[in-house]
Amino acid sequence: GQQLNQSPQSMFIQEGEDVSMNCTSSSIFNTWLWYKQEPGEGPVLLIALYKAGELTSNGRLTAQFGITRKDSFLNISASIPSDVGIYFCAGQGDSGGSNYKLTFGKGTLLTVNP
Amino acid sequence: DSGVTQTPKHLITATGQRVTLRCSPRSGDLSVYWYQQSLDQGLQFLIQYYNGEERAKGNILERFSAQQFPDLHSELNLSSLELGDSALYFCASSPPQGVYGYTFGSGTRLTVV
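Residues numbered from 1 in each chain as written. Chains lettered and ligands numbered in written order. Predicted model: local features only at pLDDT ≥ 70, side-chain atom pairs only at ≥ 80, totals over all residues. Heavy atoms only, no water.

What about the interface of chain A and chain B?
When the parts of a complex come together, some accessible area is lost, and that lost area is often taken as the interface size. Listed by partner, the interface residues are 19 residues for chain A and 24 residues for chain B. Interface of chain A and chain B: buried area, both sides summed, is about 1,700 Å²; carbon and sulfur atoms make up 51% of it. There are zero salt bridges connecting chain A and chain B. Counting across the interface, chain A meets chain B through five residue pairs in polar contact (both at pLDDT 80 or more). (Contact = heavy atoms within 4.5 Å. Buried area = accessible area lost by both parts, 1.4 Å probe. Salt bridge = Lys/Arg side-chain N within 4 Å of Asp/Glu carboxyl O. Polar contact = N/O pair within 3.5 Å; in protein donor to acceptor, adjacent residues only side chain to side chain.)

Quick look at the state of the cysteines
Residue and element names in this part refer to chain A. Overall, the coordinates contain two disulfides over all chains when judged by the stated rule. Two residues, Cys23 and Cys89, share a disulfide whose sulfurs are 1.6 Å apart. Between Cys23 and Cys89 the sulfur-sulfur dihedral comes to about -55°; the bridge is accordingly left-handed. Pair noted here: Cys23 is in strand β3 (residues 19–25) and Cys89 is in strand β9 (residues 85–92), with a separation of 66 residues, a long-range link. The pair formed by Cys23 and Cys89 is uniform in burial state, with each residue classed as buried. (Disulfide = S-S within 2.5 Å. Helix = DSSP H or I, 4+ residues; strand = E, 2+ residues; numbered from the N terminus. Buried < 20%, exposed > 50% of the residue type's maximum accessible area, 1.4 Å probe, protein only.)

Examining the pairing of strand β11 (residues 108–112) of chain B
Residues and elements named next belong to chain B. Only one face of β11 is buried, namely the one carrying Thr108, Leu110 and Val112, since none of Arg109 and Thr111 on the opposite face is buried. Bridge analysis of strand β2 (residues 10–13) against β11 gives four bridges, and the strand direction is parallel. Along β11, the bridge assignment pairs His10 with Arg109. Of the pairings in the sheet, the one linking strand β9 (residues 87–94) to β11 comprises three bridges and is antiparallel in character. Of the residues in β11, the one forming a bridge with Ala87 is Leu110. (Pairing = 2+ DSSP bridges.)

A word on the sheet that holds strand β7 (residues 64–68) of chain B
All names here are of chain B. Overall, antiparallel pairing links the four strands, which are arranged β1-β3-β8-β7 in an open sheet. Each end of this open sheet is capped by a strand with a single partner; those strands are β1 (5–7) and β7. Taking each pair of neighbouring strands and ignoring which way they run, the sheet shows an average axis angle of 15°. In this sheet, strand β3 (residues 19–24) lies alongside β1 in antiparallel orientation, the contact comprising three bridges. Looking at the pairing, Thr5 lines up with Ser24 of β3. (Axes fitted to C-alpha atoms, helices over the stretch in contact; angles between N-to-C directions.)

All we've got here are geometric facts, nothing functional implied.
Here it is in structure tokens:
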């Protein structure tokens, strides 16, 4: 089945530093999404990417949809303590009809030291 | 509040028992997805329902079943529970177009003792 390789598994950074994480896949996805999960909560959608090569920003977050449609990266600039959490990439394939199953990476645990 | 409601938030039960997890999707969303999250496996897709019908099945055990009712709420039934079934179970919903990603609920933490 489809699998996403997300790296790094964890990051420890100082407040103010920039962060970069990425996801690769052996399969093509039509949509890439990045989610953030905080303790005790469900994942929350941060950015959605719909076109190969697309670069999208959401505040200090920037994500790109790889040109091959098999990879994506997420950058966080000038990190702050509330950026702490687990970041997941997810790919959504084109199954037609109403099947929009997401395949998730295993997550990147981000810790920000104030 | 994401608009997706899951109950209960926590559940502790013994091995061999059966439990039911409940999910109410966001208003207007027709699809409901169930995911299992454990430390070593990440978020694993279990099953999807769309407007009352099963649409996709993932790594769902035969001991697990789900359904979506006419009012679009969904229930995930877990039976003959084993210690390894302890995990967070998330429900998510998406609108009919489905291309805008999911909205997740806060999850049910199941502990099997």
